[in-house]
Amino acid sequence: MTKWQERTALMVGDENLEKLQNFHVLVVGLGGVGAYAAEQLCRAGIGQMTIVDGDVVEQTNRNRQLPALISNEGKPKAEILGERFRDINPDIKLRIVNEYLKDERMIELLNETDYDYVVDAIDTLSPKVFLIYHSVKAGYSIVSSMGAGGKFDPAMVQQSDISKSYNCKLAKVIRKRLHKLGVHKGIKVIFSPEEVDPKRVRAEEGQNKKSAVGTISYMPPLFGCFCASVVIRDLLEK
């Protein structure tokens, strides 16, 4: 154990800290939710991570995303975060995948190695369902972030099985698609049942999206922290 991990060891014990160093977690999506999830995993002492995102930092990311600084605009999120995580833990084994994953490429990534946990922080529907379904099919434990957009009250964020999620439009659509694929439960999700004010949503044509949803600085990071906590607590219970 190195000095920077003393407080974590005090919290979970030396033996559990050593366990964390032997786990490999896959994080797909490094936006408002995924970047914070990945950083908390890194700071907790997860020894190996594969981080995936093909996006670059944009000005509109700055209200909520970890790598979003003026000096980083136009730079790949995955590369920025990889450098940051190595600055936190120089011993971390890190694989950086700077690409958008879909279809066969996603299956290929899932089959390339054995992961101890998968974090789904993708914000577009089809790739998200694809990752969830094929992670379940491969036998991986997975936690998936539902919609943080339009939510305002942090006290309403919660964890449940996807079958018990409610009052979240994204979760509803994902449940329906997964049902068609024969998956009804067994996926942990982070969601908020808070009603979304229609004034917080704006019609907007963009890549893979038909609307823009308002976000407040603290909600996507909170969803990410919830995801990281699920991963860490589940792995330590193994």
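Details of the structure are given in the entry above.
Being a predicted model, the structure only gives us computed values, none of them experimental.

Participant: So what's going on with unusual backbone geometry? Which residues, and what values?
Facilitator: Both trends apply: most residues other than glycine have a negative phi, and most peptide bonds are in trans. If you check the backbone angles, Asp103 has positive phi at about 50° while not being a glycine. In this structure, Asp103 sits in helix H5 (residues 103-112). Classification of Asp103 by relative accessible area gives partly exposed; the value is 45%. Even without a glycine there, the phi angle at Asn167 is positive, about 55°. Inspection of the secondary structure assignment puts Asn167 in the loop between strand S6 (158-161) and helix H7 (169-180). Under the relative-accessibility criterion, Asn167 is labelled partly exposed at 38%.

Participant: Give a detailed account of the pattern of salt bridges, specifying residues and quantitative values.
Facilitator: Applying the stated criterion across every chain yields a total of 13 salt bridges. Measuring nitrogen to oxygen at the nearest pair gives 2.9 Å for the salt bridge that ties Arg62 to Glu73. On the criterion of sequence distance, the pair formed by Arg62 in the loop between strand S2 (48-52) and helix H4 (77-88) and Glu73 in the loop between S2 and H4 is long-range, its members being eleven residues apart. For Arg62, a relative accessible area of 38% corresponds to the partly exposed category. On the basis of relative accessible area, Glu73 is assigned to the partly exposed category, the value being 32%.

Participant: Residues and numbers for the packing of aromatic side chains, please.
Facilitator: The final tally for this structure, using the stated rule, is three aromatic pairs. Ring plane angle 70° and centroid distance 5.6 Å describe the contact between Tyr115 and Tyr140, whose orientation is recorded as edge-to-face. Of this pair, Tyr115 sits in the loop between H5 and strand S4 (117-120) while Tyr140 is found in the loop between helix H6 (125-137) and strand S5 (142-145), placing the two residues 25 residues apart along the sequence. The class of Tyr140 is buried, set by a relative accessible area of 13%. A centroid spacing of 5.6 Å and a plane angle of 70° characterise the contact between Tyr166 and Phe191, whose relative ring orientation is edge-to-face. Of this pair, Tyr166 sits in the loop between S6 and H7 while Phe191 sits in strand S7 (residues 188-191); the two residues are 25 residues apart in sequence, bridging distant segments of the chain. Relative accessible area serves as the criterion here: at 0%, Phe191 is assigned to the buried category.

Participant: Tell me what's going on with the packing of helix H3 (residues 34-44) against H4, and back it up with residues and numbers.
Facilitator: Between H3 and H4, whose axes approach to 10 Å, the crossing angle comes to 20°. When the axis of H3 is compared with that of H4, the two are roughly parallel. Like other packed secondary-structure pairs, H3 and H4 cross with a definite hand, here right-handed. For the pair formed by H3 and H4, the contact residues are Ala35, Ala38, Glu39, Cys42 and Arg43 on the first element and Leu81, Arg84, Phe85 and Ile88 on the second. Residue classes in the contact of H3 with H4 are distributed as six nonpolar, no polar and three charged.

Cut-offs and rules
- Residues numbered from 1 in each chain as written.
- Predicted model: local features only at pLDDT ≥ 70, side-chain atom pairs only at ≥ 80, totals over all residues.
- Heavy atoms only, no water.
- Helix = DSSP H or I, 4+ residues; strand = E, 2+ residues; numbered from the N terminus.
- Buried < 20%, exposed > 50% of the residue type's maximum accessible area, 1.4 Å probe, protein only.
- Salt bridge = Lys/Arg side-chain N within 4 Å of Asp/Glu carboxyl O.
- Phe/Tyr/Trp six-rings, centres within 6.5 Å; stacked < 30°, edge-to-face > 60°.
- Axes fitted to C-alpha atoms, helices over the stretch in contact; angles between N-to-C directions.
- Parallel < 35°, antiparallel > 145°, perpendicular 65-115°, else oblique.
- Left-handed = near helix turned anticlockwise from the far one by under 90°.
- Contact = heavy atoms within 4.5 Å.
- Nonpolar A, V, L, I, M, F, W, Y, C, P; charged D, E, K, R; others polar.

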